[in-house]
Amino acid sequence: MELKAVSFSYGEEEVIKELSLDLSNGRRVCVMGGSGRGKTTLMRLMLGLIEPSSGKVLRRPDERPSVVFQEDRLLPWYSALRNVSEVHGPRSPASPAELLEAMELSDARDKLPKELSGGMQRRCAIARALCFGGDPLLLDEPFKGLDPDLRGRVAQAIIKYSRGASILLITHDEKEAELLGCGEIIRL
C-alpha cells in the first residue's frame, strides 16, 4: 500500500496535506499526533472507506489488510473464541485458540464481549486481526486500556504473529512505537 501526495479535508478544514507513505515490504510505520489531527482519517483513507481530496492511494490487487479499529467492533453475540474464529482461514498464522492464548485470554475464550474488561476486549480484537493474516496490519490505538507490562507482551505477540507484514501503528505514545519496532514516525 502506498500513498502519494494524499490530502483530505472536512469542508474547509484540511486534516491531511500532501502525505506520502510507502507501507510495503514489512515496513513498520507509526503515525502520531493529537486528537483530531487526522490519524484515524488516514487509516480510513488507506482502507478505501473515504477518498482523498487529492493524491492517490495505491493498493496491490491481492492486498488484504488486517485492522484493529479504535473501537473493538467485536460481535456481541459471539464468544471471544468465536469472534476470532470468524476470520480464520488459509492465511491465518495460528489457530484462534493459540492467538487468544498469545493475548493471555485462554480463560476468557468462552465469554461474551460484555463479560470482558475493556483491555480484554482490546486483546480479543488484536487476536482477530492477527488471525485474519492480512498484510498490511493497521492498528489504531491497539494498546489502549493495557498496563505497561501487558503492552510489551502483546507487542511481542503482534510481531510474532504478523509474520513480517507491514504495520501501521496509530498512537499517542512513542514507547508503543518502540515496542513494535517502528522504523519511521510520521507526525500529523
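Residues numbered from 1 in each chain as written. Predicted model: local features only at pLDDT ≥ 70, side-chain atom pairs only at ≥ 80, totals over all residues. Heavy atoms only, no water.

Engineer: An account of the nonpolar core is requested, with residue identities and associated values reported.
Structural biologist: Taken as a class, soluble globular proteins show a tendency for nonpolar side chains to be buried jointly. Ranked by size, the top nonpolar core spans 37 residues in total, and within it Ile158 and Leu180 carry the most contacts. Among the elements of the structure, β3 (28-32), α2 (80-85), α3 (96-102), α4 (118-132), β6 (137-140), α5 (148-161) and β7 (167-171) are those that each provide at least two residues to this core. With eight residues, the single largest contributor to this core is α4. Counting 22 residues, the second-largest nonpolar core is a separate cluster that includes Leu3, Leu168, Ile170 and Ile186. (Core = buried A, V, L, I, M, F, W, Y, C linked by side-chain atoms within 4.5 Å. Buried < 20%, exposed > 50% of the residue type's maximum accessible area, 1.4 Å probe, protein only. Helix = DSSP H or I, 4+ residues; strand = E, 2+ residues; numbered from the N terminus.)

Engineer: So what about the environment of Leu130? Which residues, and what values?
Structural biologist: Relative to the helices and strands, Leu130 is located in helix α4. As for Leu130 and Val57, which are separated by 73 residues in sequence, their C-alpha atoms are 23 Å apart. Setting aside residues no more than four positions away along its own chain, Leu130 makes contact with Pro93, Leu99, Met103, Leu137, Ala157, Ile158, Tyr161 and Ser162. (Contact = heavy atoms within 4.5 Å.)

Engineer: For the pattern of salt bridges, give the residues involved together with the corresponding values.
Structural biologist: A side chain with one charge may pair with a side chain of the opposite charge, provided their charged atoms come close. Taken as a whole and assessed by the stated rule, the structure comprises 10 salt bridges. The shortest N-O distance in the salt bridge between Asp72 and Arg122 comes to 2.6 Å. With a gap of 50 residues between them, Asp72 in the loop between β5 (66-68) and α2 and Arg122 in helix α4 connect regions that are remote in the sequence. A single burial state applies to Asp72 and to Arg122, both of which are buried. Of the charged contacts in the structure, one is a salt bridge between Arg153 and Glu104, with a shortest N-O distance of 2.4 Å. Of the two residues, Arg153 sits in helix α5 while Glu104 sits in the loop between α3 and α4, which places them 49 residues apart along the sequence. With a relative accessible area of 39%, Glu104 lands in the partly exposed category. (Salt bridge = Lys/Arg side-chain N within 4 Å of Asp/Glu carboxyl O.)

Engineer: Any chance you could break down the sheet that holds β3 for me, citing the residues and the numbers?
Structural biologist: An order of β5-β6-β7-β3-β8 is seen for the five strands of this open sheet, with the pairing classed as parallel. Edge positions in the open sheet fall to β5 and β8 (184-187), since each of these has one partner strand only. The sheet shows a mean angle of 15° between the axes of neighbouring strands, taken without regard to direction. Pairing geometry for β3 and β8, over four bridges, is parallel. Considered in β8, the bridge of Val31 is made with Ile186. Relative to β5, α4 is tilted by about 175°, and along the sheet it contacts β5 and β6. (Pairing = 2+ DSSP bridges. Axes fitted to C-alpha atoms, helices over the stretch in contact; angles between N-to-C directions.)

Engineer: Explain the sheet that holds strand β1 (residues 2-10) to me, using residue names and the numbers behind them.
Structural biologist: Sheet architecture is open: three strands sit in the order β2-β1-β4, paired in antiparallel fashion. The two strands at the open ends of the sheet, each matched to only one other strand, are β2 (13-22) and β4 (54-58). Averaged over all pairs of adjacent strands, the angle between their axes in this sheet comes to 30°, without regard to strand direction. Helix α1 (residues 39-46) contacts β1, β2 and β4 of the sheet and is inclined by roughly 125° relative to β1.

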